[in-house]
Amino acid sequence: MSTRPLSAPLLDAALVGISLLDVWAHVDASEPLRMACALAASFALLPRRRLPLLTFLLTLPSVLLSDAVFAALAALYTLASLTRRRTLLAVCAVAFTLSDMTSLPSPEFDFSTPSTFVTLGYTAATAAAPVFLGQLVQARRDLSLRLAEISRARDHERQLTAQTVLAKERTALAREMHDVVSHQVSLIAVQAGVLQVGSRDADVRQAAATIRRLSVQTLDELRHMVSVLRASGGRPTELIPQPSLADIPQLVDNSGIEAELHTDLSGSLPPPVQRAIHRTIQEALTNVRKHAPGAKATVRVRHEDTTVRVTVTNTAPTRPALPLPSAHYGLVGLRQRAELLGGTVTCGPTADGGYQLCLELPADGGEQRVWP
């Protein structure tokens, strides 16, 4: 596409040059009228794309008065490649044939000799050649456009097919989440409620209440996720409400472990940064609860110059960890989220047998694309 503006003027100039050579070869300079018509026909090729019919008409006098016919053939080809009026092309071809066979000021039409018919056939074939070639170029151009349209239609069809498959998969996933996960979490909430009411031990009742509260919260989140999955293919559904810094104290209090929170942040950070901080603390506290039973955790969130630093440190566990299912994607997801915001996540054991997770983010990292 970028070469078209350059090649078109060069091609026009080349056609004019060839036409001038044709004039030099077939027109005598001692005949000013024929020379003027031939030169006018040559330079009439310059606007041939914008005014193809007018260009052809301007070249006919040269065909009628001289043997310089290249300009007329080029104009006829251009007209045939741009117009879809077959009758007009036939009339122009006949006009070229008759003009070429006429020699003014003394036209000769002697149909009593076979040579006249031979000349007529040759001239008609000469006129038909640029017409057929121009129509062929036009058909090729139309075919290219049609193929491009078909290609775009196929791409759109593939996208629709992929979206349909994705919608079916999300619907199936939503159904499984509703039928299996929601059912089991509901049973956990019910059993925790029974244990809370029937137990006489205060610690057991408190633990049962925590389990029931977390189960109900999980059910609410699952219901929202199911609605998001089932809304695929329609109007986009936002994953709301999104966590923020204001939710961190409640997150720490409901973590189910003994944890302390130390922070000096306000809610002025970009929402993506707030979500990353919340998700990191949530994952770290979950790991402490799963892998370090009985440990205490300390959460520190600080704003240092242009960097936000979050550390979650836990002491050594006091009880052996229970074998719980894990996909081992939690820390990987945290690192990917931090990288999208231009930050880093580091973690490792401490000298006293505990564990520490550290998140560092630029305070203005909210312009990056992040997860919900």
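Please refer to the structure higher up on the page.
Residues numbered from 1 in each chain as written. Predicted model: local features only at pLDDT ≥ 70, side-chain atom pairs only at ≥ 80, totals over all residues. Heavy atoms only, no water.

**Description of the sheet that holds strand 1 (residues 258-263)**
Here comes step 1: Pairing within the open sheet is mixed, and its 5 strands lie in the order 1-2-3-5-4. One side of each edge strand has no neighbouring strand; the edge strands of this open sheet are strand 1 and strand 4 (344-349). Pairs of neighbouring strands in the sheet enclose a mean axial angle of 10°, with direction left out of account.
Here comes step 2: Set on the sheet, helix 10 (residues 330-340) makes contact with strand 4 and strand 5 (355-362); between it and strand 4 the angle comes to about 145°. (Pairing = 2+ DSSP bridges. Helix = DSSP H or I, 4+ residues; strand = E, 2+ residues; numbered from the N terminus. Axes fitted to C-alpha atoms, helices over the stretch in contact; angles between N-to-C directions. Contact = heavy atoms within 4.5 Å.)

**A closer look at the packing of helix 9 (residues 271-291) against helix 10**
Here comes step 1: The geometry of helix 9 relative to helix 10 is characterised by a closest axis approach of 10 Å and an angle of 160° between their N-to-C directions. One way to sum up the angle between helix 9 and helix 10 is to call them roughly antiparallel. With respect to the hand of their crossing, helix 9 and helix 10 are arranged in left-handed fashion. Of the residues in helix 10, those in contact with Ala276, Arg279, Thr280, Glu283 and Asn287 of helix 9 are Gly330, Leu331, Leu334 and Arg337.
Here comes step 2: Tallied by class, the residues present in the contact of helix 9 with helix 10 amount to 3 nonpolar, 3 polar and 3 charged. (Parallel < 35°, antiparallel > 145°, perpendicular 65-115°, else oblique. Left-handed = near helix turned anticlockwise from the far one by under 90°. Nonpolar A, V, L, I, M, F, W, Y, C, P; charged D, E, K, R; others polar.)

**Describing the layout of surface pockets**
Here comes step 1: The computed volume of the second largest pocket comes to approximately 390 Å³.
Here comes step 2: Lining of the second largest pocket is provided by 16 residues; of these, Leu11, Arg48, Arg49, Tyr77 and Ser81 occupy positions nearest its centre.
Here comes step 3: Of all the secondary-structure elements, those providing two or more residues to the lining of the second largest pocket are helix 1 (4-26), helix 4 (70-82) and helix 6 (114-198).
Here comes step 4: Of all the elements, helix 4 adds the most residues to the lining of the second largest pocket, at 7 residues. (1 Å grid on protein atoms, 1.4 Å probe; cavity = no way out; pocket = protein on both sides within 12 Å on 5 of 7 lines; lining within 4 Å. Points joined across faces, edges and corners; volume = space filled by probe spheres on them.)

**Some details on the environment of Leu269**
Here comes step 1: Tracing the sequence through the fold places Leu269 in the loop between strand 1 and helix 9.
Here comes step 2: In this structure, the C-alpha to C-alpha distance between Leu269 and Ala363, residues 94 residues apart in sequence, is 6.6 Å.
Here comes step 3: Residues contacting Leu269, with those up to four places away along its chain left out, are Leu245, Gln274, Ile277, His303, Val308 and Ala363.

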